[in-house]
Amino acid sequence: MSQTAKSTSSSIIEQNLAIQGDNLSILGALADEIKGKVQCVIVDPPYAFPKEALKSADGDWQTFLRPRIEACRAALSDSGAAFIHADDAHLANVRLLADEIFGNKNFLNMVILKTADPSGLRSINPLPFNQTEYLLIYTKDRKSFTYYPQFVEAGYDSAYRSIVLNPEAPYGKWKTDSLPRHLAKMMGYRSVRQAREKMGLNFEQHMADYALKNAAAVFQSTRVNQRAGSAVVKLGQASHKKPKTMMRLERKDYSDIYMVGGRQLAFYATKLNEVDGRMVPTKKLTNLWIDIPFHGVGYEGEAKFAEGKKPERLVRRILSMCTQPGDLVLDPFAGSGTTAATCEKLGRRWLVIDNDRKNLDNLIVPRLTRVVNGLDDTGLSKVMEYPSGGSFKRLNYKGGTLVDAGQVMGSANTV
Ligand SMILES: C[S@@+](CC[C@H](N)C(=O)[O-])C[C@H]1O[C@@H](n2cnc3c(N)ncnc32)[C@H](O)[C@@H]1O
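The following paragraphs examine the structure supplied in this document.

Next up on the list: the overall build of the protein. Looking only at helices and strands, the protein has 12 helices and 20 strands in total. Projecting the C-alpha coordinates of the protein onto the three principal axes gives extents of approximately 80 × 50 × 50 Å. Classification of the 415 residues of the protein by burial places 46% in the buried group. Across the protein, the fraction of contacts at a sequence separation of at least 24, relative to all contacts at a separation of at least 6, is 65%. Counting every atom, the protein has about 21,600 Å² of accessible surface; 51% of that belongs to carbon and sulfur.

Here's what the structure looks like:
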């Protein structure tokens, strides 16, 4: 089957698509279909672009990127976001360009990615080792942007060092103790000091594990926020007057508040979130992303690609920030197919483009074929189960025409 861009039916983007050809032409051909429908765009151009290619194609970086970023912006929905990769050689130019296209008020954040470590042969260079890249985040309309808050795993927060000993009792009868003292006693030591002398660092580890297992009973006491609602402030005053009594404020649609001695109990359980299927202590995501390993990324999807391949975990974080299952994601510089593979595993729809036929033939199509058949056990598959049985279409763009080059239908697993 062959179809011209004009006659493309409105359903074409309901399928996942891997398209081979120049992204500017293809985004132009699909402009009406995708306008305002894309929830997330990932723009990861080849920064080591050969100079000859630039000369023959578009002259310089700005001229090459400008119309492509403009086309991505047009495809973006008002609530979505664009994530633009840059290395330090191009960061300033890309920032100026994207500011111009999206408007500076729609610049959300600049993320610093740790992409490498100074070890082995690479550290021979006497200059400071360059281990970062950047992600510029823009929205089409800042006010309409939907952000899904993200958390990253953190170590045990030792400020949580008190425990309710009998949490099953009515709150008025709760007994509390210091967590280290309670633990030392439980392990048969006379004091915390003796436990630390005998156990060394193991004692701290034991405390972290115990706090995690008993997160609903472990707490820290905090000052009452005087800018909180009047009911909270009043309870704080009442608690000051009767410091020995445990007091409670019941709240509709929110968790209850407990106070003793004029201070509020903050339970450790509220710090826990699920990361890779485990409940772990977390902290709010910042713009410094040093927790996503780039080491070993070459094996992901069994797709060897030396020109800036990104980890699936990185794409998962991006997608988790601004998309929901079923949303459409666009990657006009698909490379080895990381965005497509991650979307498939997370149940997002995808449209990826690369102009290099070898990338489609040898990397993207084989990688996604394994994923939709549930045969990929690399990357995110190591930490999550994903439903297979998806499908995708490959199209080639030739002479202003999108040519159907086959469909891959995966077989479903039992996840
Ligand atoms: C840095 S790589 C992307 C890597 C990708 N994020 C991954 O994880 O594998 C950039 C890709 O853009 C492709 N590319 C360059 N110019 C293009 C164009 N005009 N249209 C479509 N793809 C293009 C290159 O072939 C290359 O595969």
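Another point: the side chain of Asn106. Along the polypeptide, Asn106 turns up in the loop between helix 5 (91-102) and strand 5 (107-114). Not counting chain neighbours up to four residues away, the residues in contact with Asn106 comprise Ile137, Tyr138, Thr139, Lys140, Asp141 and Arg142.

With that settled, consider the site of the ligand. Every one of the 23 residues lining the ligand counts as a neighbour, but Asp22, Asp44, Ser336, Thr338 and Asp354 are closest to it. Thr338 is positioned with one of its side-chain polar atoms (N or O) 2.7 Å from an oxygen atom of the ligand. Interatomic distance of 2.7 Å between a side-chain N/O atom of Asp354 and an oxygen atom of the ligand. Look at the ligand: alone it shows 600 Å² of surface, and the protein chains cover 95% of it. When grouped by side-chain class, the residues that make up the shell around the ligand number 7 nonpolar, 8 polar and 8 charged.

Quick look at the pattern of salt bridges now. Overall, the coordinates contain 24 salt bridges when judged by the stated rule. The residue Arg370 makes a salt bridge to Glu302 at a minimum N-O spacing of 3.8 Å. With Arg370 in helix 12 (residues 357-372) and Glu302 in the loop between strand 16 (288-289) and helix 10 (312-322), the pair connects residues that are 68 residues apart, well separated along the chain. Within the structure, one salt-bridge network assembled from shared partners comprises Glu312, Lys345, Arg367 and Asp376.

Pairing is antiparallel in the open sheet, where 3 strands are placed in the order 7-15-14. If you trace the sheet from one side to the other, it starts and ends with strand 7 (151-153) and strand 14 (272-275), each paired once. Direction aside, neighbouring strands of the sheet carry axes that sit 65 degrees apart on average. Bridging between strand 7 and strand 15 (residues 278-284) involves 3 bridges; their strand directions are antiparallel. Paired with Val152 across the bridge in strand 15 is Lys283.

Trans is the prevailing form of peptide bonds, just as negative phi is the prevailing case for residues other than glycine. Residue Asp276 is not a glycine yet carries a positive backbone phi of 50 degrees. Checked against the element boundaries, Asp276 lands in the loop between strand 14 and strand 15. Residues other than glycine seldom take positive phi values, yet Glu302 does so here, at roughly 50 degrees.

Cut-offs and rules
Residues numbered from 1 in each chain as written. Predicted model: local features only at pLDDT ≥ 70, side-chain atom pairs only at ≥ 80, totals over all residues. Heavy atoms only, no water. Helix = DSSP H or I, 4+ residues; strand = E, 2+ residues; numbered from the N terminus. Buried < 20%, exposed > 50% of the residue type's maximum accessible area, 1.4 Å probe, protein only. Contact = heavy atoms within 4.5 Å. Areas by Shrake-Rupley, 256 points an atom, 1.4 Å probe, with all protein chains shown as cover. Near = heavy atom within 4 Å. Polar contact = N/O pair within 3.5 Å; in protein donor to acceptor, adjacent residues only side chain to side chain. Nonpolar A, V, L, I, M, F, W, Y, C, P; charged D, E, K, R; others polar. Salt bridge = Lys/Arg side-chain N within 4 Å of Asp/Glu carboxyl O. Pairing = 2+ DSSP bridges. Axes fitted to C-alpha atoms, helices over the stretch in contact; angles between N-to-C directions.

From the geometry alone we can't say anything about function, so treat these as descriptive.
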